[in-house]
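Chain and residue survey
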Amino acid sequence: MSNAAEIEKTLSLSEPCLPNNVFSQMEKIALWTVASFALLLTLGLIFANDKVWIDGLKPIIWEPIVKDAGVAGDAGYSPQNTAIYAFTILLAVVVLQAVFRKMNLPADDKMMIALISWVFLAPVLRVLEDSDFFSSKIDWLLISPIIHFHLALWLVIIAFMSHRLASKWDFSESDKDVEKSRTMLFITLGMMLFLHWAILYRPGYIEHQEIGLIWILLGLTASFIVLFMVLVWTWKWPSITRGMLAFGSSASVLGFFHWLQFMATPWQQESGRIVESQPLWPLFVVLGIPGIICWLMYRYGIDDARHMKLTKYQPGVLPDGISVKTWDDAAKTVAEHPIEQLSRKALLANPMVLAMVFGQLCDGFATMIGIDFFGYGEKHPVSNAVILFGGDINDKIGISWGEGAWLFALIKAALVATIVWLFIEMRVEKRQVHMRILIVLAVLIVGLAPGLRDIGRLTLDV
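Residues numbered from 1 in each chain as written. Predicted model: local features only at pLDDT ≥ 70, side-chain atom pairs only at ≥ 80, totals over all residues. Heavy atoms only, no water.

Another aspect to go through is the overall build of the chain. For the chain, the helix and strand inventory stands at 20 helices and zero strands. Taken over C-alpha atoms, the radius of gyration comes to 24 Å for the chain, in line with the 23 Å a tight globule of 462 residues would show. Dimensions along the principal axes, computed over C-alpha positions, put the chain at roughly 70 × 65 × 55 Å. Here the chain, with 462 residues, has 48% of them falling under the buried criterion. Here the analysis covers contacts within the chain between residues at least 6 apart in sequence; of these, 80% occur between residues at least 24 apart. As presented, the chain carries roughly 23,200 Å² of accessible surface, and 67% of it is formed by carbon and sulfur atoms. (Helix = DSSP H or I, 4+ residues; strand = E, 2+ residues; numbered from the N terminus. Rg over C-alpha atoms; globule rule 2.2 N^0.38 Å. Buried < 20%, exposed > 50% of the residue type's maximum accessible area, 1.4 Å probe, protein only. Contact = heavy atoms within 4.5 Å. Areas by Shrake-Rupley, 256 points an atom, 1.4 Å probe, with all protein chains shown as cover.)

One number sums up the size of the second largest pocket: a volume of about 1,000 Å³. Along its surface, the second largest pocket is lined by 31 residues, and Asp108, Asp109, Lys110, Tyr313 and Gln314 are the ones closest to its centre. Looking at the lining of the second largest pocket, the elements with two or more residues in it are helix H5 (109-130), helix H12 (288-310) and helix H19 (433-446). The greatest single-element share of the lining of the second largest pocket, amounting to five residues, is contributed by H12. Broken down by class, the residue content of the lining of the second largest pocket amounts to 18 nonpolar, five polar and eight charged. (1 Å grid on protein atoms, 1.4 Å probe; cavity = no way out; pocket = protein on both sides within 12 Å on 5 of 7 lines; lining within 4 Å. Points joined across faces, edges and corners; volume = space filled by probe spheres on them. Nonpolar A, V, L, I, M, F, W, Y, C, P; charged D, E, K, R; others polar.)

Another point: helix H1 (residues 4-11). Along H1, the positions that sit buried rather than exposed are Ala4, Ile7, Glu8 and Leu11. Each buried residue of H1 lies within a common arc of 95° when the element is viewed along its axis, so the set occupies one face. The outward face of H1, more than 90 degrees from its buried face, is lined by the exposed residues Ala5 and Lys9. Next to the buried residues of H1 lie helix H13 (324-329), helix H14 (331-334) and helix H15 (338-348). Between the side-chain oxygen of the N-cap and the backbone nitrogen of alanine 5 there are 3.2 Å, and the N-cap of H1 in question is asparagine 3. (Arc of directions from axis to C-beta. Polar contact = N/O pair within 3.5 Å; in protein donor to acceptor, adjacent residues only side chain to side chain.)

Moving on, we get to the environment of isoleucine 199. With respect to the secondary-structure elements, isoleucine 199 resides in helix H7 (residues 175-200). In sequence terms isoleucine 199 and isoleucine 138 are 61 residues apart; their C-alpha atoms lie 8.9 Å from each other.

This part takes up the side chain of threonine 241. The residue threonine 241 is located in helix H10 (residues 239-264) in this model. Under the relative-accessibility criterion, threonine 241 is labelled buried at 1%. One polar contact links the side chain of threonine 241 to the main-chain carbonyl oxygen of proline 238, over a distance of 3.2 Å. Setting aside residues up to four positions removed in sequence, threonine 241 forms contacts with Pro106, Lys110, Met111 and Ala114.

Tallied over the entire structure, the rule returns 17 aromatic pairs. With 5.3 Å between their ring centres and 75° between their planes, phenylalanine 133 and phenylalanine 134 make a pair best called edge-to-face. Arranged with centres 5.7 Å apart and planes meeting at 55°, the rings of phenylalanine 134 and tyrosine 201 form a pair that is tilted. Residue phenylalanine 134 is found in the loop between H5 and helix H6 (146-166), and its partner tyrosine 201 is found in the loop between H7 and helix H8 (202-207); the two are separated by 67 residues along the sequence. A residue is classified by how much of its surface remains accessible, and tyrosine 201, at 0% relative accessible area, is buried. Feature note: the residues Phe133, Phe134, Phe194, Trp197, Tyr201, Tyr205, Phe262 and Trp267 constitute an aromatic cluster, connected by ring pairs. The cationic tip of lysine 345 hangs over the ring face of tyrosine 300; the distance from NZ or CZ to the ring centre is 4.7 Å. (Phe/Tyr/Trp six-rings, centres within 6.5 Å; stacked < 30°, edge-to-face > 60°. Lys NZ or Arg CZ within 6 Å of the ring centre and 35° of its normal.)

Right, let's get into unusual backbone geometry. Following serine 144, the chain continues into proline 145 via a peptide bond in cis, with omega recorded as 0°. Of note in the backbone geometry, asparagine 104 takes a positive phi value of approximately 60° without being a glycine. With respect to the secondary-structure elements, asparagine 104 resides in the loop between helix H4 (79-102) and H5. Note on asparagine 104: relative accessible area 64%, which makes it exposed. Residues other than glycine seldom take positive phi values, yet phenylalanine 171 does so here, at roughly 65°. Counting through the fold element by element, phenylalanine 171 comes out in the loop between H6 and H7.

Here it is in structure tokens:
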């Protein structure tokens, strides 16, 4: 039986994949497409503003955002802006992964965990906007898709500062260097967390003078404790992912404690809506069932994941310089390689796959419970079409309960099962790891984020 080194030596004789610092043809097209669109949009806004903005993008993009941030709230998506957002996400994945690879940014499990903390932050802030907490002068910053660009700016600043200020101590075993790194990051990120609170939260206290303070004060304290403890627990991590996780986690805790304050002392909402009930049982369904499924997946795959870590390979990622075509052409030879023997089960315990499963199931169950049990509506035209079709099925078979959102949850479950199957079967080159992590991030943005927002709104009754 051939060992991994012998297999890789044999495969290295075939044509290697492109070097990391070289853009593929698809990446070049995507980069030129972005540059061309940016140039055309700029010229259009300058020389044909009425046609491009007043009669074009403003009613499709900006007016729904303003309406969503207003008293009425919950402006629906149209087929036009849904298509624009979907195309933008796809293009961003291709472009950003090429740029991130060129910059040699980390694309491992630690980076995925750090990014997940920021995906949690988005719905935490969005639910507070739904409750009309934020000042009317800045609440448009918390509306999709602006909120994702807004948080992306924070993320880039935090990542840059963390790397710039503390990377010189990365991977040092010296207690003195570890303490220097932790102190530098805590002071810097602590000031940024205070700035985050001052810009977003402090104006809300002025508009809601009747608001209670106990949970807010506890939240401020807890957020700085979390910031410090994450920096302690991740002392072996690169400074960039360490800082991203610490800030994302602490900012999420800060926002979540404002949820608790609303549950304790609800403030006046712009719509005049009165909080009638704050049910907790949906939390156990929406978070509990996906959590149990993810725990079972983790238990099933963790042994192979640990074995894979000992081999120094990443699940599903080919060895350096070997292309996917070369690997596929040598299917019988590579069958004995650790990547083929361990990746499938190991990926089931991987943070990427677990986050996707949890997010999509969370979105499906939250939508079903919100619509079928509590009378909420669906904003996205495609999702709404699925729910309406489920309602037609109910009518045909004589079911009078619910609006048909059960079909949406069922399709979400089938979709995530398909995605998981594709992920555990897919092999990627070392130069494609950034692509994989950004695809997962995109799936989380359209799955986990809206799912957590839905259950947050349902729990707070906003």
